[in-house]
Amino acid sequence: MGTLTLDTGNVDSDVYLSLGLKVKELGKGVLGTPQVLTLLSSLLERSVQKNETVLETKQIKDAITEFDGLRAPAVSIRQYIDRIFKYSGCSPSCFVVAHIYVDRFIQSTDVRLTSLNVHRLLITSVMVAAKFIDDAFFNNAYYAKVGGVSTAELNRLERKFLFGIDFRLHVNVNTFGRYCSELEKETAEGFQIERPIQACRIKESWSNKDDSTTCAPTIAR
């Protein structure tokens, strides 16, 4: 499947540029980390904090899913997203599409984003997005290594995720543009201070020589 075509007629091209989704005409490409990664991590972090506050305040027991780890990761959401981007080779647009997929999963399953499930939902949704919109992608074993889970677990998570969104993988341009605009507005909210959150024990310095990651086992099997 080809890469997602961005129709700049439907969305202000400045939004695409600010998110790092569009290459400047005279430039050689987007240098450094695309802004979309920073904004997405900030949005997800705020969502996790909000959900966990509600669960704790109202003493609500959240449903346990295959995506829930036994403990929260020490690696922050931002670090995890940066790692996925660095090693997966997927396009920045993948992260917008992955965000859309996660929203669909949450809406159809009533799952709340928490520090126990957000990392597994991220690696699963980005992998699915890469397979659907990018021209080139890796196999599940590679994404599993990047995400710090076993291949067998990622295979299981992928099946659960796809059934959870009822295999609704198509994202039209209007929806993509709307999510881009919402992410761009995150700049006005101000970036959140990332708190370390512990299941994927990923080293802060990820070298090519020793890039092993180990996620805590999930609660649900």
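Residues numbered from 1 in each chain as written. Predicted model: local features only at pLDDT ≥ 70, side-chain atom pairs only at ≥ 80, totals over all residues. Heavy atoms only, no water.

(A) Broad picture of the nonpolar core. Phe 95 and Val 96 are the most contacted members of the largest nonpolar core, which totals 54 residues. Broken down by secondary-structure element, the contributors of at least two residues to this core are helix H1 (13–19), helix H2 (35–57), helix H3 (77–88), helix H4 (92–109), helix H5 (118–133), helix H6 (140–147), helix H7 (151–164) and helix H8 (173–189). When residues of this core are assigned to their parent elements, the largest contribution, 10 residues, is made by H5. Ignoring sequence-local partners within four residues, the contact set of Phe 95 consists of Leu 37, Leu 40, Ile 81, Ile 84, Phe 85, Cys 90 and Val 126. (Core = buried A, V, L, I, M, F, W, Y, C linked by side-chain atoms within 4.5 Å. Buried < 20%, exposed > 50% of the residue type's maximum accessible area, 1.4 Å probe, protein only. Helix = DSSP H or I, 4+ residues; strand = E, 2+ residues; numbered from the N terminus. Contact = heavy atoms within 4.5 Å.)

(B) Broad picture of the state of the cysteines. Under the criterion given, the structure shown has 0 disulfides. Cys 90 takes part in no disulfide bond, and the closest cysteine sulfur to it belongs to Cys 94, at a distance of 4.4 Å. (Disulfide = S-S within 2.5 Å.)

(C) Seen up close, the side chain of Thr 124. Within the secondary structure layout, Thr 124 lies in helix H5. Residues in contact with Thr 124, not counting those within four places in the same chain, are Phe 67, Leu 154, Leu 157, Glu 158 and Phe 161.

(D) H6, seen in detail. Buried residues of H6: Asn 140, Tyr 143, Ala 144, Val 146 and Gly 147, and no others. Projection of H6 onto a plane perpendicular to its axis shows the buried side chains occupying an angular sector of 160 degrees, all on one side. Residues of H6 that are buried in the fold lie against H3, H5 and H7. Gly 148, located one to two residues past H6, shows a positive phi value of around 80 degrees. (Arc of directions from axis to C-beta.)

(E) Local environment of the environment of Ser 13. Of note, Ser 13 is situated in helix H1. Considered as a pair, Ser 13 and Gly 177 are 164 residues apart in the sequence and their alpha carbons are 9.9 Å apart.

(F) Structural context of the environment of Leu 37. Looking at the element boundaries, Leu 37 is found in helix H2. By relative accessible area, Leu 37 is classed as buried at 0%. On a C-alpha basis, the gap between Leu 37 and Phe 85 in space is 8.4 Å, while along the polypeptide they are 48 residues apart. The contact partners of Leu 37, leaving out residues within four places of it in the chain, are Arg 78, Ile 81, Asp 82, Phe 85 and Phe 95.

(G) Spotlight on unusual backbone geometry. Non-glycine residue Asp 110 carries a positive phi angle of around 60 degrees. Tracing the chain through its elements places Asp 110 in the loop between H4 and H5. Taking relative accessible area as the criterion, Asp 110 reaches 64% and is therefore assigned exposed. Although it is not a glycine, Phe 167 sits at a positive phi angle of roughly 60 degrees.

(H) Structural context of the confidence of the model for the chain. Per-residue confidence for the chain gives a mean pLDDT of 80; residues scoring 70 or more make up 74%. Here residues 23–30 is a poorly scored stretch, pLDDT under 50, and it has 6 contacts once near neighbours within four places are set aside; other chains count. Counting contacts from residues 191–212, a segment whose pLDDT is below 50, to residues more than four positions away or on other chains yields 66 contacts. (pLDDT = per-residue confidence, 0-100.)

(I) Spotlight on the packing of aromatic side chains. Following the criterion strictly, the structure yields 8 aromatic pairs and no others. Between Phe 67 and Phe 105, the ring centres sit 5.3 Å apart and the planes meet at 70 degrees, which makes this aromatic pair edge-to-face. With a gap of 38 residues between them, Phe 67 in the loop between H2 and H3 and Phe 105 in helix H4 connect regions that are remote in the sequence. For the pair formed by Phe 67 and Phe 105, the shared burial category is buried. Taken together, a centroid distance of 6.2 Å and an interplanar angle of 75 degrees make the contact between Phe 138 and Tyr 143 edge-to-face. We classify Phe 138 as partly exposed; its relative accessible area is 37%. (Phe/Tyr/Trp six-rings, centres within 6.5 Å; stacked < 30°, edge-to-face > 60°.)

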